[in-house]
There are 2 protein chains.
Amino acid sequence: MTKPTILVTNDDGINAPGIRALIDVMAEIGDVIVVAPDSPQSAMGHAITINSTLYLNKVSAENAVITEYACSGTPVDCVKLAVNEILKKKPDLCVSGVNHGSNSSINVIYSGTMSAAVEAGIEGIPAIGFSLLDYAWNADFDTIKPFIKKITLEVLTKKLPEGTVLNVNFPKLKHDDIKGIKICRQAKAIWMEKFDKRQTPYGKDYYWLTGEFVNQDKGEDTDEWALAHGYISVVPVQFDLTAHHAIQQLNSWDL
Amino acid sequence: MTKPTILVTNDDGINAPGIRALIDVMAEIGDVIVVAPDSPQSAMGHAITINSTLYLNKVSAENAVITEYACSGTPVDCVKLAVNEILKKKPDLCVSGVNHGSNSSINVIYSGTMSAAVEAGIEGIPAIGFSLLDYAWNADFDTIKPFIKKITLEVLTKKLPEGTVLNVNFPKLKHDDIKGIKICRQAKAIWMEKFDKRQTPYGKDYYWLTGEFVNQDKGEDTDEWALAHGYISVVPVQFDLTAHHAIQQLNSWDL
């Protein structure tokens, strides 16, 4: 079996410890190419850059085993540039992360990490986003490496269901305390925003967006439940946003 | 019946003709408040501003009938600020647009206009995104005003199915050539990227993202089909991204 080509990206930036850990694992599995943002791009969602220019800087040494590019754009821009400008053909897999912090439940929608995976999925590339429930820069990524490898090999072997990518979140636990891996649905949870209103030194009001995460979902089949009970959560994510179940009801409207 | 409170936003910026047309229609239906970006925010997806400050500027006159705020953030920031800082209670409806250009099929994922509507939906507010298939600044929004009113009144009367918002796209046609309104699913279409590679005056390569829209979906129940055949497309959009149909298959994996 030939080695798979694996595109690695993230949203915390190319120098984040999370992506370095992900690169380590992928280097054991395939030929790795890295195209990641040159600065933090958290919470960029599925943003793309259309009103300004994009730069790509090769940041790895000429004789390096792994080729790395830092990109001035968003995570989604990174995937588009990798596939269309850098690689001669579609990679066999795209992995994004490991994100410093959770992308479970509704966070999937705001996450640059997951949007990169979704973009790869849209382009027909199997894709996985990985996130660890620890915002610390020096979070323990070593513990989760064996699980990342296991999930990635399974994706390469079994193939993902059509039109889906995986959203994988790891609890912040020691290896022996992790109970296993659970396939889940996205919990119905929201952010209760709270804006921190301040004044500039010049007397003008401004705001910082802050908030509290509230899980309104009591289901035991959700990613939030799994993570709270010591499991790694795996949610299949789709990019057909149609609420198919709602079509019949809307067809009864007087339009 | 008391007048509904309607929050109006968009991604083309508060001065775009599209949002001015939408405000006109909403003023006939309810009490309108406008919170929209102070500059174009197209293709921002579900981005939120967490690494910089947010400004809100009241731009309407003190005695104006409609209160308007220009916001320095993304469309999603606008909705969050409107609901949490400006309004005393949740509005009865949030409408976003009218976007200058299509948000049909896969464009729903990149669109700031639709992400604003989705954000309102997440917060439990009925929401509709409107888009016209004409990128021109002086596009003809008058033609579609009666349809916007009809759809909005129907949403207020019949209530949207839970967990869904509407993605409404209008073909660029004269009133008499519009055949009607069709409830649709999101077409399986993609953008084939093509990067326009240039050099700065200082010899450094840079890229502009461009692309060609390719509809790979031959179904006659899609938004693309409807629009190409003279219909207004209405797609119910959900923010539970779980690919529920894929869960059974993934449970058979060796994880």
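Residues numbered from 1 in each chain as written. Chains lettered and ligands numbered in written order. Predicted model: local features only at pLDDT ≥ 70, side-chain atom pairs only at ≥ 80, totals over all residues. Heavy atoms only, no water.

**What about the interface of chain B and chain A?**
At step 1: With 76 residues of chain B at the contact, the number on the chain A side is 76 residues.
At step 2: Interface of chain B and chain A: buried area, both sides summed, is about 7200 Å²; carbon and sulfur atoms make up 67% of it.
At step 3: The largest per-residue losses of area from chain B upon contact with chain A belong to Leu241(B), Trp253(B) and Leu255(B), which jointly make up 11% of the total buried on that side.
At step 4: Linking Glu193(A) and Lys80(B) is a salt bridge whose minimum nitrogen-to-oxygen distance equals 2.2 Å.
At step 5: In this assembly, chain B and chain A are joined by 26 residue pairs in polar contact (both at pLDDT 80 or more).
At step 6: Broken down by element, the residue count for the side of chain B that touches chain A peaks at six residues, all from helix H2 (residues 75-86) of chain B.
At step 7: Residue classes in the side of chain B that touches chain A are distributed as 41 nonpolar, 18 polar and 17 charged. (Contact = heavy atoms within 4.5 Å. Buried area = accessible area lost by both parts, 1.4 Å probe. Salt bridge = Lys/Arg side-chain N within 4 Å of Asp/Glu carboxyl O. Polar contact = N/O pair within 3.5 Å; in protein donor to acceptor, adjacent residues only side chain to side chain. Helix = DSSP H or I, 4+ residues; strand = E, 2+ residues; numbered from the N terminus. Nonpolar A, V, L, I, M, F, W, Y, C, P; charged D, E, K, R; others polar.)

**Here's the deal with the nonpolar core**
At step 1: Val35(A) and Val35(B) are the most contacted members of the largest nonpolar core, which totals 84 residues.
At step 2: Once residues within four sequence positions are removed from consideration, Val35(B) is found in contact with Leu7(B), Val8(B), Thr9(B), Leu56(B), Tyr69(B), Cys71(B), Cys78(B), Ala82(B) and Ile86(B). (Core = buried A, V, L, I, M, F, W, Y, C linked by side-chain atoms within 4.5 Å. Buried < 20%, exposed > 50% of the residue type's maximum accessible area, 1.4 Å probe, protein only.)

**Looking at the pattern of salt bridges**
At step 1: Taken as a whole, this structure holds 27 salt bridges over all chains when the rule is applied.
At step 2: With its nearest N and O atoms 3.0 Å apart, the salt bridge here joins Asp221(B) to Arg185(B). With Asp221(B) in the loop between strand E10 (205-215) and helix H6 (223-228) and Arg185(B) in the loop between strand E8 (180-183) and strand E9 (189-199), this pair connects stretches of sequence that are 36 residues apart.
At step 3: The structure contains a network of salt bridges with shared partners spanning Asp24(A), Asp142(A) and Lys145(A).

**With respect to the environment of Ala116(A)**
At step 1: Of note, Ala116(A) is situated in helix H4 (residues 112-122).
At step 2: Each C-alpha atom of the pair Ala116(A) and Pro75(A) lies 5.2 Å from the other, and the pair is 41 residues apart in sequence.

**Looking at helix H5 (residues 145-158) of chain B**
Structural remark: α-helix, 3.6 residues per turn; residues separated by three or four positions point the same way.
Residues and elements named next belong to chain B.
At step 1: Here H5 is 14 residues long and its end C-alpha atoms lie 20 Å apart, about the 20 Å a rise of 1.5 Å per residue gives.
At step 2: When we look at burial in H5, the residues that qualify are Phe147, Ile148, Ile151, Thr152, Glu154, Val155 and Leu156.
At step 3: The elements touched by buried residues of H5 are helix H1 (17-29), strand E5 (93-100), strand E6 (127-132), strand E7 (164-170), E8 and strand E11 (231-238).
At step 4: A positive phi of about 70° marks Lys159, the residue just after H5. (Expected span 1.5 Å × (residues − 1).)

**A word on the sheet that holds strand E5 (residues 93-100) of chain A**
Residue and element names in this part refer to chain A.
At step 1: Here nine strands make up an open sheet; going across it, the order is E3-E4-E2-E1-E5-E6-E7-E11-E8 and the pairing mixed. Every other strand in the sheet has two partners, leaving strand E3 (56-58) and strand E8 (180-183) as the edge strands with one partner each. With strand direction ignored, the average angle separating the axes of adjacent strands in the sheet is 20°.
At step 2: As defined by bridge partners, E3 adjoins strand E4 (residues 67-71) across three bridges and the pair is classed as antiparallel. Among the inter-strand pairings, Asn57 is bridged to a residue of E4, identified as Ala70. (Pairing = 2+ DSSP bridges. Axes fitted to C-alpha atoms, helices over the stretch in contact; angles between N-to-C directions.)

**Thoughts on the packing of aromatic side chains**
At step 1: With the rule as written, the count across this model stands at ten aromatic pairs over all chains.
At step 2: On the numbers, 6.1 Å between centres and 85° between planes, the contact of Phe195(B) with Tyr207(B) is edge-to-face. Residue Phe195(B) is located in strand E9, and its partner Tyr207(B) is located in strand E10; the two are separated by twelve residues in the primary sequence. As far as the burial class goes, Phe195(B) and Tyr207(B) line up, both buried.
At step 3: Taken together, a centroid distance of 6.4 Å and an interplanar angle of 20° make the contact between Trp225(B) and Tyr231(B) stacked.
At step 4: We note Lys182(A) situated over the ring of Tyr231(A); from NZ or CZ to the ring centre the distance is 4.6 Å. (Phe/Tyr/Trp six-rings, centres within 6.5 Å; stacked < 30°, edge-to-face > 60°. Lys NZ or Arg CZ within 6 Å of the ring centre and 35° of its normal.)

**Considerations on the side chain of Asn107(B)**
All names here are of chain B.
At step 1: Tracing the backbone through its elements, the reader meets Asn107 in helix H3 (residues 107-110).
At step 2: Relative accessible area serves as the criterion here: at 11%, Asn107 is assigned to the buried category.
At step 3: Asn107 has contacts with Ser102, Trp191 and Phe213, leaving out every residue within four places of it along the chain.

**Topic: the UniProt feature "binding site: a divalent metal cation" (unreviewed entry) in chain A**
At step 1: Cross-referencing UniProt, the feature "binding site: a divalent metal cation" (unreviewed entry) maps to Asp11(A), Asp12(A), Ser42(A) and Asn99(A) in the present numbering. A maximum C-alpha distance of 9.0 Å among these annotated residues, which run over 89 residues, shows that they cluster at one spot.
At step 2: Beyond its immediate stretch of four places on either side in the chain, Ser42(A) contacts Asp11(A), Asp12(A) and Ile50(B).
At step 3: Mapped onto the secondary structure, Asn99(A) falls in strand E5. (UniProt positions renumbered as here; feature names shortened; annotations may be inferred.)

**Considering the relation of the copies chain B and chain A**
At step 1: Once turned by 180° and shifted 0.0 Å along the axis, chain B lies on chain A with an RMSD of 0.0 Å. Within this description, the copies of the chain are treated as partners about a two-fold rotation axis.
At step 2: Here 100% of the contact residues of chain B are again contact residues in chain A; the copies associate through an equivalent surface. (Least-squares fit on C-alpha atoms with pLDDT ≥ 70 in both.)

**Some remarks on the packing of helix H2 (residues 75-86) of chain A against H4(A)**
Residues and elements named next belong to chain A.
At step 1: For the pair H2 and H4, interaxial distance at closest approach is 7 Å and the crossing angle is 30°. In terms of axis orientation, H2 runs roughly parallel to H4. Between H2 and H4 lies a crossing of right-handed hand. Contact residues: H2 offers Pro75, Val76, Val79 and Lys80, while H4 offers Gly112, Ser115, Ala116, Glu119 and Ala120. (Parallel < 35°, antiparallel > 145°, perpendicular 65-115°, else oblique. Left-handed = near helix turned anticlockwise from the far one by under 90°.)

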